[in-house]
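# Structure at a glance
Letter by letter, the chains look like this.
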Amino acid sequence: MTLTTRTVTWDEASARRMRRQFLTEPAQAGTPVADVVATMLGAHAQVLSAAEVSVGVRAVAVTRLDVRAALWGEEEPASLVKTHGPRGTIHLLPVRELPLWTAALTAIPSGRSPLPPDTRLSDEQADEVVAAIADALDGTLLTIDELHDEVMARTGPWAGDLVMPAFQGMWPRWRQVMHRAGLRGALCFGPNRGRKVTYTRPPRFEPLAPDEAAADLVRRYLRAYGPATPQHFAKWAAAPRGWAVALFSALAAAGGIEEVDFAGVGPAWVAAGDTEFPDEPVRGVRLLPYFDAYGIAAQPRETLFPGPAYERALAGGQAGNHPVLLLDGVVAGVWHQRRQGRRTTVTVEPLRRLTAAEERGLAAQVERVGEVLEAVPELVVGKVTAGPHA
């Protein structure tokens, strides 16, 4: 008996991904902010306002204050944490998922340090610094200078050697493992103290077993952004391709994932049993901010960023450096905003002429961005740069 492999088109994959990402219909009012972030597999938060927009456009009535309340826990225990997430970059993650994220991300093999051998920390020294960071931040908020003093008091003078090139000088040796401390749950970001960043320790938890967590992360990635190949997952997670291929093979052998034929890609994978896709393609307009999870995770990138969008909206193939305009599920322009007091000007640069319906949809999206940021928005549509509407 020959098994028939399910064929999935781009339109089917796009429609399912956007539906599951709350980009077709936003999450209903009252949906916990942490649930929206969990669905995204984290919200990139190097620029917090971009993370606020990422979450806000996916949930009815959510504003930046709701995101900050979930993050800093002003009225109840925090449900989000700002810490090192996928690709080692700063993300908002659900507190309840830290056992998964810390185990899965530390299971990914790391490359060789770019620092010279005499600059690096040994494994023992790195563990000692991480433990010192965790102890210093337990139950308190510290600036980087205050954390430095506490780490030095708990380690030795070797940790303070100024050996790491920085923006305007040199950083002490111990700071090369701050991201590792984040991935291990020893460090996360606290609310700013004026203009100074603070750090604290997240709630204590017991990490999952690394193999279990890595497998779970693959299945969650496939449910959110599948069909996908091991290479797609490796790109999203900044993982070695060979490691990802081996992980997918083990999951396939165990029946945790299954193969489909992804049109334009070839063999790809979905979570086991997760083979239902919408019949109707995506329609409508969406605005996604800097480093939105969808633009980074959804593959193949040349289909999500078709034609001139690949040149205009990507930086050397790197997604996220430009906020993007989605038309019918693909990138069709870029946008930016400029805040002045209570007003924000949203300038959109489409790559083709918009229809009347698309213009109305765009106006609604700009209004929503303003609501999220608690600002009065003004829409400016720039000159079309890639020919007439087809």
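Below: a short report on this structure. (Residues numbered from 1 in each chain as written. Predicted model: local features only at pLDDT ≥ 70, side-chain atom pairs only at ≥ 80, totals over all residues. Heavy atoms only, no water.)

### Comments concerning the pairing of strand β14 (residues 330-340)
The pairing of strand β13 (residues 324-327) with β14 spans three bridges and is antiparallel. When the bridges of β14 are listed, Val324 appears paired with Val334. Hairpin connection between β13 and β14: a loop of two residues separates the two successive antiparallel strands, and Asp328 in this loop has a positive phi of roughly 50°. Where β14 lies against strand β15 (residues 343-350), eight bridges are found, and the strand directions are antiparallel. Paired with Gln340 across the bridge in β15 is Arg343. Counting the residues that bridge the hairpin from β14 to β15 gives two residues, and of these Gly341 lies at a positive phi of roughly 65°. (Pairing = 2+ DSSP bridges. Helix = DSSP H or I, 4+ residues; strand = E, 2+ residues; numbered from the N terminus.)

### Quick look at the side chain of Thr63
If you trace the backbone, Thr63 turns up in the loop between α3 (48-56) and α4 (64-72). According to the relative accessible area criterion, Thr63 is buried, its value standing at 16%. Discounting chain neighbours no more than four positions away, the residues touching Thr63 are Glu371, Val372 and Glu374. (Buried < 20%, exposed > 50% of the residue type's maximum accessible area, 1.4 Å probe, protein only. Contact = heavy atoms within 4.5 Å.)

### Points about the environment of Arg175
On the secondary structure map, Arg175 appears in the loop between β7 (169-172) and α8 (178-183). Along the chain, Arg175 and Leu41 lie 134 residues apart, while their C-alpha atoms are 27 Å from each other. For Arg175, the contacting residues outside a window of four places in its chain are Ile144 and Met164.

### Digging into unusual backbone geometry
Excluding glycine, a negative phi dihedral is what most residues carry, and trans is how most peptide bonds are arranged. The residue after Gly226, namely Pro227, is reached through a cis peptide bond having omega 0°. In this fold, Pro227 is placed in the loop between α9 (210-225) and α10 (230-237). In this model, Gln299 is joined to Pro300 through a cis peptide bond whose omega is 0°. Locating Pro300 in the fold gives a position in the loop between α12 (293-297) and α13 (301-304). In this structure, Leu41 takes a positive phi of about 65° despite not being glycine.

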